[in-house]
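If you want the building blocks of each chain, they are given just below.
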Amino acid sequence: MTGADVFVFIVFGLLAVTRPVYLFYLSPKRIGGRRVRAWLQPVQLGTFYATIVFSAWEYLHFGRPLLGLLTAGVVALIAATQALKIVAIRELGSYWSAHVEIRNPHPLIKTGPYAWMRNPGYLNGIVEGLCIPLISSSWLTLLFAFVAVTVVFSLRIATEEK
């Protein structure tokens, strides 16, 4: 195993571990709501982990080389959007949920990162989904990730906008 292999698996491992941290440990005491399309979150989580597994397999199976600047750039981009997601979760406070939920009343948050964009958490999910394969030059997995991210986030956004 080379140093590049160790690097890839450390990054993939950290990404795999941080997701449950967001879902379970960073969640403040929540105000519950009615979940809409509750199956979306498990599907999103499944596509996230599938992208990691497929990227690792493609990297090892085809002996993909790491492209130094691209790899460093996407790792930095993922780290930046993860930091943004943590700030967004804290800004939402008890209104944060990994699921699409309807609450009455539910104020529209316009402070912190929500002053600049509608859903910073979605930005993180889209960036992670598309950048994970780029870390390991996994071009076939990138095609899968593009389709998965497009479908999952299109469904989530459509569900929220109803």
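Predicted model only: the values in this text are computed from it and were never measured.

## A few points about the packing of aromatic side chains
- In total, this model carries 4 aromatic pairs according to the counting rule given.
- Centre to centre, the rings of F54 and F144 are 5.1 Å apart; their planes meet at 70°, and the pair counts as edge-to-face. Taken as a pair, F54 in helix α2 (residues 40–62) and F144 in helix α5 (residues 139–161) lie far apart in primary sequence, 90 residues in all.
- On the accessibility criterion, F144 (30% relative accessible area) is partly exposed.
- An angle of 80° between the planes, with centres 5.7 Å apart, marks the rings of W57 and F62 as edge-to-face.

## Focus on empty space enclosed by the protein
- A full pass over the atoms with the stated rule returns 1 cavity of 30 Å³ or more.
- When its volume is computed, the largest cavity comes out at roughly 110 Å³.
- Forming the walls of the largest cavity are 14 residues, and the residues nearest its centre are T47, F48, G125, G129 and V149.
- Ranked by residue count, the leading element in the lining of the largest cavity is α5, at 5 residues.
- For the lining of the largest cavity, the class distribution of residues is 7 nonpolar, 5 polar and 2 charged.

## Notes on the layout of surface pockets
- Space inside the largest pocket adds up to approximately 860 Å³.
- As for the largest pocket, its lining consists of 35 residues, of which L92, H106, N119, Y122 and E160 are closest to the centre.
- Only α1 (3–25), α2, α3 (68–92), β2 (101–102), α4 (120–135) and α5 provide two or more residues apiece to the lining of the largest pocket.
- No other element matches α4, which puts 4 residues into the lining of the largest pocket.
- Per-class residue counts for the lining of the largest pocket are 15 nonpolar, 10 polar and 10 charged.

Definitions and limits used
- In this numbering scheme, every chain counts its residues from 1 along its sequence in written order.
- Restriction of local features to residues with pLDDT of at least 70 applies here, the model being predicted, together with a cutoff of 80 or more for giving and counting side-chain atom pairs; totals for whole chains, interfaces and linings are based on all residues.
- Each side-chain value is worked out from all heavy atoms of the structure, with water and hydrogens disregarded.
- By convention, a stacked pair of Phe, Tyr or Trp rings (six-membered ring in the case of Trp) has centres within 6.5 Å and planes under 30 degrees apart, an edge-to-face pair has planes over 60 apart, and any other such pair is tilted.
- Only DSSP runs of H or I with at least four residues qualify as helices, and only runs of E with at least two residues qualify as strands; both kinds are numbered from the N terminus onward.
- Three labels apply to residues, based on accessible area from a 1.4 Å probe with only protein chains included: buried if under 20% of the type maximum, exposed if over 50%, partly exposed otherwise in between.
- Only protein atoms enter the 1 Å grid used here. Points where a 1.4 Å probe fits but cannot escape make up a cavity, open sets with protein on both sides within 12 Å along at least five of seven lines make up a pocket, and a residue lines them when an atom lies within 4 Å of a point.
- Grid points are joined across faces, edges and corners, and a volume is the space filled by probe spheres set on the points.
- Here the term charged refers only to Asp, Glu, Lys and Arg, the term nonpolar to Ala, Val, Leu, Ile, Met, Phe, Trp, Tyr, Cys and Pro, and the term polar to all other amino acids, Gly among them.

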